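Close look at the chain arrangement
Each chain, letter by letter, is given below.
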Amino acid sequence: MSNQLRAVTLTHVRYFKGDQLGHFLAWISLVPVFISLGGFVSHFLFRRELQGMFFALGLIVSQFVNEVIKTSVQQARPETCVMLEMCDSHGWPSSHSQYMFFFATYFTLLTHRKFGLLFRKQMLLVVLVVWPLALLTMYSRVYLGYHTVAQVFAGAGLGIFLGGLWFWVVNSVLRGVFPVIEESFFGRWFYVKDTSHIPNVLKFEYENARAARRHSSYKRAE
């Protein structure tokens, strides 16, 4: 066993003291963590949509591919890795950029195809929030010294490619088995469902919740 200590870097992002932009970008750099732990975990607990589950699975596969490539290429991080204590890990391609551009690509395609939309103007969210966050995350990794420009662009390109490919796999190959999963023991036990065939999920749930109030069989027993 080595006597050297290593840190868990999941939320360990460094910036120069007094650098307000660096402080802001350090938080931006944590967006993938917020999406994974806050977004997808909450989604499973409260929504249990198959589209969301396969979306999350695609991000996991993408990060696995990233680790395989990093281990194979073994390209060093920029010289600032000494100060950041990150020189023992590889930099090409950037996993943060790959994650965010996979997420942005898949979410854009979901919205464009109108699969399980939660509100009418969802494409505005894509244009004004999702893609700017992806670009800011990519920029943050260079600004904070964790990656070179080439490494973040490689991650972004790979994320876009894998995001588009996974969307095609899920919605052209795997979507046909969604009803089977819904009717399986797993699907029935965890109330897993697919609402991608419903144009506006929020409106559908709102109208059905109001309609159910008029039926005694749906009312909660006091």
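Residues numbered from 1 in each chain as written. Predicted model: local features only at pLDDT ≥ 70, side-chain atom pairs only at ≥ 80, totals over all residues. Heavy atoms only, no water.

1. Focus on the overall build of the protein
On a plain count of helices and strands, the protein comes out with ten helices and zero strands. Out of the 222 residues belonging to the protein, those deemed buried represent 39%. A separation of at least 24 residues holds for 73% of the contacts in the protein among residues at least 6 apart in sequence. (Helix = DSSP H or I, 4+ residues; strand = E, 2+ residues; numbered from the N terminus. Buried < 20%, exposed > 50% of the residue type's maximum accessible area, 1.4 Å probe, protein only. Contact = heavy atoms within 4.5 Å.)

2. Observations regarding unusual backbone geometry
The residue after W92, namely P93, is reached through a cis peptide bond having omega -5°. The phi dihedral of R48 is positive, around 60°, even though this residue is not glycine. Looking at where R48 falls in the secondary structure, it is placed in the loop between α2 (31–46) and α3 (50–73). Accessibility expressed as a relative area gives 22% for R48, which makes it partly exposed. Look at Q74: it is not a glycine, yet its phi comes out positive at around 55°. Examined against the element boundaries, Q74 turns out to sit in the loop between α3 and α4 (81–84).

3. What to know about the environment of T148
Along the chain, the position of T148 falls in the loop between α6 (122–143) and α7 (149–174). When its relative accessible area of 29% is taken as the criterion, T148 is described as partly exposed. In sequence terms T148 and E79 are 69 residues apart; their C-alpha atoms lie 9.6 Å from each other. Residues contacting T148, with those up to four places away along its chain left out, are P78 and V142.

4. Considering helix α1 (residues 20–28)
Those residues of α1 not exposed but buried are G22, L25, A26 and I28. Summarising the axial view, the buried residues of α1 lie within an arc of 155°, below the 170-degree limit, and thus occupy one face. Across α1 from its buried face, at more than 90 degrees, point the exposed residues Q20 and W27. In this structure, the buried residues of α1 make contact with α2 and α6. Sitting at the head of α1, D19 places a side-chain oxygen 3.2 Å from the backbone nitrogen of L21. (Arc of directions from axis to C-beta. Polar contact = N/O pair within 3.5 Å; in protein donor to acceptor, adjacent residues only side chain to side chain.)

5. A few points about helix α5 (residues 95–112)
Compared with an ideal rise of 1.5 Å per residue, which puts 18 residues at 26 Å, α5 spans 25 Å between its outermost C-alpha atoms and is within 8% of the ideal. Once α5 finishes, K114 follows within two positions and takes phi at roughly 60°, a positive value. (Expected span 1.5 Å × (residues − 1).)

6. A short note on the environment of A156
Tracing the backbone shows A156 in helix α7. Overall, the relative accessible area of 6% leaves A156 in the buried class. Taking C-alpha positions, A156 is 5.0 Å from S97, a pair spaced 59 residues apart along the chain. Residues within four places of A156 in sequence aside, it is in contact with S97, Q98, F101 and M138.

7. Remarks on the environment of I69
Within the secondary structure, I69 is located in helix α3. Ignoring any residue separated from it by four or fewer positions in sequence, one finds I69 in contact with Q74, W92, P93 and L158.

8. Let's talk about the pattern of salt bridges
For the structure shown, the criterion picks out two salt bridges. One salt bridge connects E49 with R47, and the closest N-O pair in it is separated by 3.6 Å. By relative accessible area, which is 23% here, R47 ends up partly exposed. Of the charged contacts in the structure, one is a salt bridge between E183 and R188, with a shortest N-O distance of 2.5 Å. R188 sits in the exposed class, given a relative accessible area of 54%. (Salt bridge = Lys/Arg side-chain N within 4 Å of Asp/Glu carboxyl O.)

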